[in-house]
Amino acid sequence: MLTRTRELTPLASTAIDRPTSADALPVEGNLPGDLRGCFLQSRPYPSRGEGAAFGGAEVITGVRIGDGAARWYRARTPGTCLPGGVVPGAPAPWARPGASGTTLLTHPVQDPATCEWHTIATTAGSTVARHLTGRSGAVSPARLFSLDAPTLVTTLALTRDHLVVFDLSVVHDRAAELVGLRPPYSWRADKPARIGLLPRNAGHAEPRWFPVAPGFTSQAVNAFEEDGKVVVDAVRHDGAFDGGPAPRPHLGRWTLDLATGAVAERRLVEAVDTAGVDPAVCGRAHRYVHGTSGHTVFRHDLRTSTSQVHDLGAGRRGGRPVFVAGRTGDRLLVVAEDPGRRSSALLVFDAHDLTTGPCASIRLPGAFPAVDRTTWRSDEERSTW
C-alpha cells in the first residue's frame, strides 16, 4: 500500500538497516581514508512508468563508506524520510499521482550557519503553501502563504534573510488527474510566473513577488544577497508538462533588485540536467557549480566561464553530484548508470579536478538508478541518525 504524504513529515526520523558482511560492495581504485559517511538517494517505489516519477512511495538507498571500504545501505521501508531532517526527494510521495488533497514537499535545504532545515509543503489542487523548518527531527509550526495558482513547487533556495519561492508555469490539472494516464500537471504559459522572497524572520508575512518569464525550475542551485540584490541560480526549463518533447533545461540566473523590483535573467550553462554547489556556501555567493549533462559530469567556474568535464561514456547517465568536504581534499560523488547494461557505479572524484577521472569506483547492485534526489550524511552527523 502506498503511503500518503500527509502522514509524513519532511523532518522526521527513520530507522535505517545496519549493513552486514554480505552487504560489502566491490571497489576499484582507492577510497580516501577521510571519506566517512553515507551517500543516500531516494527514488520512486516502484520505479517504473512515467507516473512513478511523480507518484507512489519513495525508497531510500545508498552506500556506506568508511575505512577504505563500501557497504550497501537501505531504508527498512518505502515512503520514509531521511534522519536528521533530510528528504533527498522532491516531490514527495502521494497516494496516487497528484491526487487532490495530497501533499508535496520540496527538496529541503539546510542553512549551514544555523543547521536548520527548510522545506515548502503544497497540497495538490490548493493555492496555500506552508513553510516548514526544523532541527534534528523537530518541526516548528508552519508559516502559511499564498500562491497564484495550484502550482507545482519542487524546490526552494535560501539566502541570509529570505526563503526563495518559485511560483512558475506548471500547475495542477484536475482533468488530467481524473483521466489518470499521466502526471496531473500542465504547462500554463498564460499564468503569471513569479519568484517570491519570503522573509525568514518576519512572522506570517507574505512573500514579495517578482515577475519573471514563463518557465519551470526543477532544482534550485543556490541564492545569495549582494549589493541590494538577490541572486538566484537554478536549473531552468523553458517548457515542461506540455505534451510535447521537453527542451533541454539550462543553468539560469535571476537577479532581483530589492530597491526597484526589476529582474534580470541570463543563461549561465546550456543543457544542464542537474546542478549543485558546496553545501557550505548555501545562502552565500558561490563561484563553482557542479552537475551533469547527458553522459558528462562538469564543474563550471562562474568567474572565468570555463568548465571541467568528465565523460562517463556513451550510454551512461549521471545522477545529481554530491559535494563532500574532507580534511585531505574535497570530493564529488556521482552515480553513473548504464541502463542498457543494467549496471551502475558510485564514482568518487577530486571535486577540484575532474579531468583526472574518478579515484574510486564502487560497483552498485543491479540497475541502481541515477536520480536527482541525493545527499551525504557524514559520520560526524551520525548522532542525528
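Parameters at a glance
Residues numbered from 1 in each chain as written. Predicted model: local features only at pLDDT ≥ 70, side-chain atom pairs only at ≥ 80, totals over all residues. Heavy atoms only, no water. Pairing = 2+ DSSP bridges. Helix = DSSP H or I, 4+ residues; strand = E, 2+ residues; numbered from the N terminus. 1 Å grid on protein atoms, 1.4 Å probe; cavity = no way out; pocket = protein on both sides within 12 Å on 5 of 7 lines; lining within 4 Å. Points joined across faces, edges and corners; volume = space filled by probe spheres on them. Nonpolar A, V, L, I, M, F, W, Y, C, P; charged D, E, K, R; others polar. Salt bridge = Lys/Arg side-chain N within 4 Å of Asp/Glu carboxyl O. Buried < 20%, exposed > 50% of the residue type's maximum accessible area, 1.4 Å probe, protein only. Phe/Tyr/Trp six-rings, centres within 6.5 Å; stacked < 30°, edge-to-face > 60°.

Participant: Looking at this model, I keep getting lost on the pairing of strand β21 (residues 263-269). Mind explaining?
Facilitator: The side chains of a regular strand alternate between both faces of the sheet. Bridge count for strand β20 (residues 250-257) against β21 is six bridges, and the pairing is antiparallel. When the sheet's bridge partners are listed, Trp 254 is paired in β21 with Glu 265. Connecting the antiparallel pair β20 and β21 is a turn made up of five residues, with Gly 261 showing a positive phi of about 80 degrees.

Participant: Help me out: how do you make sense of the layout of surface pockets in this one?
Facilitator: Over the atoms rolls a probe the size of a water molecule, and its path tells where empty space is left. Within this model, the second largest pocket holds a volume of roughly 170 Å³. Taken together, the residues that form the lining of the second largest pocket break down as six nonpolar, three polar and four charged.

Participant: What is the right way to read the pattern of salt bridges from this model?
Facilitator: Working definition: two side chains of opposite charge can pair if their charged atoms are close together. Throughout the structure, instances matching the rule amount to 21 salt bridges. Note that Arg 363 is salt-bridged to Glu 28, the shortest N-O span being 4.0 Å. Here Arg 363, found in strand β30 (residues 360-364), pairs with Glu 28, found in strand β2 (residues 27-29); they are 335 residues apart in sequence, far enough to count as distant. Overall, Arg 363 belongs to the partly exposed group, its relative accessible area being 48%. With a shortest N-O distance of 2.5 Å, Arg 236 and Asp 238 are connected by a salt bridge. Residue classification places Asp 238 among the partly exposed positions, given a relative accessible area of 34%. Counted as one network, the salt bridges with shared partners bring together Arg 236, Asp 238, Glu 265, Arg 267 and Glu 270.

Participant: Which parts of the structure should I look at to understand the packing of aromatic side chains?
Facilitator: Each aromatic ring pair is specified by the distance between its two centres and by the angle formed by the two planes. The final tally for this structure, using the stated rule, is four aromatic pairs. On the basis of an interplanar angle of 50 degrees and a centroid distance of 6.1 Å, the ring pair of Phe 166 and Trp 254 is categorised as tilted. One end of the pair, Phe 166, is in strand β13 (residues 162-167); the other, Trp 254, is in strand β20, with 88 residues separating them in the sequence. Assessed through its relative accessible area of 3%, Phe 166 is described here as buried. On the numbers, 6.2 Å between centres and 65 degrees between planes, the contact of Tyr 185 with Phe 241 is edge-to-face. Of this pair, Tyr 185 sits in strand β15 (residues 185-187) while Phe 241 sits in the loop between β19 (229-237) and β20, placing them 56 residues apart in sequence. Judged by its relative accessible area of 23%, Phe 241 falls in the partly exposed class.

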